[in-house]
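# Summary of the model geometry
The lines below spell out each chain.
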Amino acid sequence: MTDAGTLRLDVWLWRARFFKTRALSTGHVRGHGVRLSHLGQIRRTDKPGALVAVGDVVTFGKAGRIYSVEVLDLGERRGPADEARTLYRALEAEP
């Protein structure tokens, strides 16, 4: 954690178990980019160190699928799948 209430994007994606390793998470963000929505502001980033906070929306593509999730918690560790699913809420795909 770098600041109270924020966490690096690559770490959060890894803790939420979207990627098996932190290195894969970092590489994906650098290579493909992620769209972040924070307080109504939407931006695209390819920086793994971009900060996410509770309430942010993270959108990214992986394996031919688009994921759009709301950050519900930053987590303290990379725990089991059941714990990881409490870190986010999947959003409906946009038409």
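So, here's what we can say about the structure. Here the structure is a predicted model, which means the values were calculated and not measured.

Further remarks concern the overall build of the chain. The secondary structure content of the chain amounts to three helices and seven strands. Order of helices (α) and strands (β) in the chain, N terminus to C terminus: β-α-α-β-β-β-β-β-α-β. Its C-alpha atoms give the chain a radius of gyration of 12 Å, near enough to 12 Å, the size a compact globule of 95 residues would have. Along the first, second and third principal axes, the C-alpha atoms of the chain reach 35 × 30 × 25 Å. Within the chain, buried positions represent 41% of all 95 residues. When contacts within the chain are restricted to residue pairs at least 6 apart in sequence, long-range pairs at least 24 apart make up 43% of them. Of the roughly 5800 Å² of accessible surface on the chain, a fraction of 52% belongs to carbon and sulfur atoms. Across the chain, the mean location of the 16 positive side-chain charges is 8 Å away from that of the 11 negative side-chain charges.

This part takes up unusual backbone geometry. Positive phi is not limited to glycine here, since Arg17 has a value of about 65°. Structurally, Arg17 is set in the loop between α1 (9-15) and α2 (22-32). Judged by relative accessible area, which is 37%, Arg17 ranks as partly exposed. Although it is not a glycine, Ala63 adopts a positive phi angle of roughly 55°. Mapping Ala63 onto the fold places it in the loop between β5 (57-62) and β6 (65-71). Classification of Ala63 by relative accessible area gives exposed; the value is 81%.

Criteria and cut-off values
Residues numbered from 1 in each chain as written. Predicted model: local features only at pLDDT ≥ 70, side-chain atom pairs only at ≥ 80, totals over all residues. Heavy atoms only, no water. Helix = DSSP H or I, 4+ residues; strand = E, 2+ residues; numbered from the N terminus. Rg over C-alpha atoms; globule rule 2.2 N^0.38 Å. Buried < 20%, exposed > 50% of the residue type's maximum accessible area, 1.4 Å probe, protein only. Contact = heavy atoms within 4.5 Å. Areas by Shrake-Rupley, 256 points an atom, 1.4 Å probe, with all protein chains shown as cover. Lys, Arg positive; Asp, Glu negative; His and termini not counted. Charge placed at Lys NZ, Arg CZ, Asp CG, Glu CD.

From the geometry alone we can't say anything about function, so treat these as descriptive.
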